[in-house]
Amino acid sequence: MNAGVNINSFQFKVKNSRKDTTVPFFSDFSENIKNCLLGKNNVIEAIKKFYTENQAPKLINRYKKYFFTKKDSYKLTDDGNIITIAFTICCGDYGIKSDIISVDTQEIVYNKSINNADVKDFRIMFVFHKNKNIIHDDKQVYKGIVLMEVIGKYGIKTITYSIFREFFSHYFHVIPIFNSMASKDELEQLIKNGAFKQVHLIKNKTNSAFSSMFDVNGGREETTINLIKFKNTETFVDKILSLISQEQELYEIGNTYYNDLSFTVKTNGRTKKISVRNIEDLYLVEDLPDDVLERDGTLVPEKMDFAMLQRANSYLSNLVDGK
């Protein structure tokens, strides 16, 4: 079975703050809440506490997931410039009765009940720069990279982010933010593979006929264009990246202004409509070498960590604070 990795940036914001107050990684997290339940004073200790607190298996009923962190799987690396934290998450589905059939004999070998969970090991890694002092000015670190293993169609982003968010919100009064990242090469490959299906050009405007009929002001015009074949994939990617970087209310396309542009994208068996304003919602998976898993699908942590760190370094060098 093929293994891949989903790559996201991550940062923390103060819970319920009127402004988007971003929390420095190497600050005292307990300052954000009175009588902090955990007296941990930076992101390293806080993430380790998440790992230790979740070693007891739990049922996440709203997702029908069985979740826990694997004992003795935690690994912290500090090379003087970059901090790497990795551990293994065990996760599986339950709640549906099914038969387990041998593909060799076609016989039923096990009857899976609604209380049985098909649990798999998934590696997760957090990578970020250390706090640096440059010419007497303290350079804070506000953003890092989080990488999560994907096995075939199975991943852990949704459930892990949900539990991670609840944990940090409750204990430290901060909200973690995970945003998907994609390199130019990755976007170009998706387009070449036909993942981008449609582009939607959206105008928010009053429809006079609708307003007259229902006596309301409202309406929206959406033009949908099917994306069949690109004359120049690289040019299309450059234009997407240019639109993403624009911080404005209107987008000019062919002398016409639009309030929003979105794309219908199909990746990893999922079809989503993604606005250029929220391209971080795009779920991308990069392939990993075959040797990160044994032939039977068993995780090889050392090889997985090495492969993940290689991917992380290419993104970390281009990571910038802010949106």
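Residues numbered from 1 in each chain as written. Predicted model: local features only at pLDDT ≥ 70, side-chain atom pairs only at ≥ 80, totals over all residues. Heavy atoms only, no water.

## Some remarks on the packing of aromatic side chains
Each aromatic ring pair is characterised by the separation of its centres together with the angle its planes make. Considering all chains together, one arrives at 26 aromatic pairs under this definition. Centroid distance F164 to F178: 5.6 Å. Interplanar angle 45°. Geometry classified as tilted. Note that F164 is positioned in helix α2 (residues 157-172) and F178 in strand β12 (residues 174-180), a separation of 14 residues in sequence. Residue F164 shares its accessibility class with F178, and that shared class is buried. Residue placement shows K120 over the ring face of Y154; its charged tip is 4.0 Å from the ring centre. (Phe/Tyr/Trp six-rings, centres within 6.5 Å; stacked < 30°, edge-to-face > 60°. Helix = DSSP H or I, 4+ residues; strand = E, 2+ residues; numbered from the N terminus. Buried < 20%, exposed > 50% of the residue type's maximum accessible area, 1.4 Å probe, protein only. Lys NZ or Arg CZ within 6 Å of the ring centre and 35° of its normal.)

## Re the nonpolar core
By size, the foremost hydrophobic cluster in this structure holds 36 residues, and its most contacted members are F12, F29, F87, F126, F128 and F168. Of all the secondary structure elements, the ones that give two or more residues to this core are β1 (3-14), α1 (43-53), β5 (82-93), β8 (118-129), β11 (144-151), α2 and β12. Considering every element that reaches this core, the biggest residue donor is α2, with 7 residues. Those residues within four positions of F12 in sequence are excluded, and the remaining contacts are T21, T22, V23, F25, F29, V43, F164, F168, V174, I175 and P176. Grouped together as the second largest cluster of nonpolar side chains are 21 residues, I7, A86, I145 and L147 included. (Core = buried A, V, L, I, M, F, W, Y, C linked by side-chain atoms within 4.5 Å. Contact = heavy atoms within 4.5 Å.)

## Observations concerning the side chain of S162
Structurally, S162 can be placed in helix α2. For S162, the contacting residues outside a window of four places in its chain are R62 and Y63.

## Regarding the packing of α1 against α2
It is the contact of α1 with α2, at a shortest axis distance of 11 Å, that shows an interaxial angle of 115°. In terms of axis orientation, α1 runs roughly perpendicular to α2. When you trace α1 past α2, the crossing you get is right-handed. Contact residues: A46, I47, K49, F50 and E53 in α1; I163, F164, F167, F168, Y171 and F172 in α2. Of the residues contributing to the contact of α1 with α2, the split by class is 9 nonpolar, no polar and 2 charged. (Axes fitted to C-alpha atoms, helices over the stretch in contact; angles between N-to-C directions. Parallel < 35°, antiparallel > 145°, perpendicular 65-115°, else oblique. Left-handed = near helix turned anticlockwise from the far one by under 90°. Nonpolar A, V, L, I, M, F, W, Y, C, P; charged D, E, K, R; others polar.)

## A short note on the layout of surface pockets
One number sums up the size of the second largest pocket: a volume of about 410 Å³. If you list the elements that add at least two residues to the lining of the second largest pocket, you get β13 (196-204), β14 (220-226), α5 (233-245) and β17 (260-267). If one sorts the elements of the lining of the second largest pocket by residue count, α5 sits on top with 5 residues. Classifying every residue of the lining of the second largest pocket gives 12 nonpolar, 3 polar and 3 charged. (1 Å grid on protein atoms, 1.4 Å probe; cavity = no way out; pocket = protein on both sides within 12 Å on 5 of 7 lines; lining within 4 Å. Points joined across faces, edges and corners; volume = space filled by probe spheres on them.)

## Examining the pairing of β17
Taking burial as the measure, the 8 residues of β17 include 7 buried ones, the bulk of the element. Direction of pairing for β13 relative to β17: antiparallel, over a ladder of 6 bridges. Directly across from I202, in β17, lies its bridge partner D260. (Pairing = 2+ DSSP bridges.)

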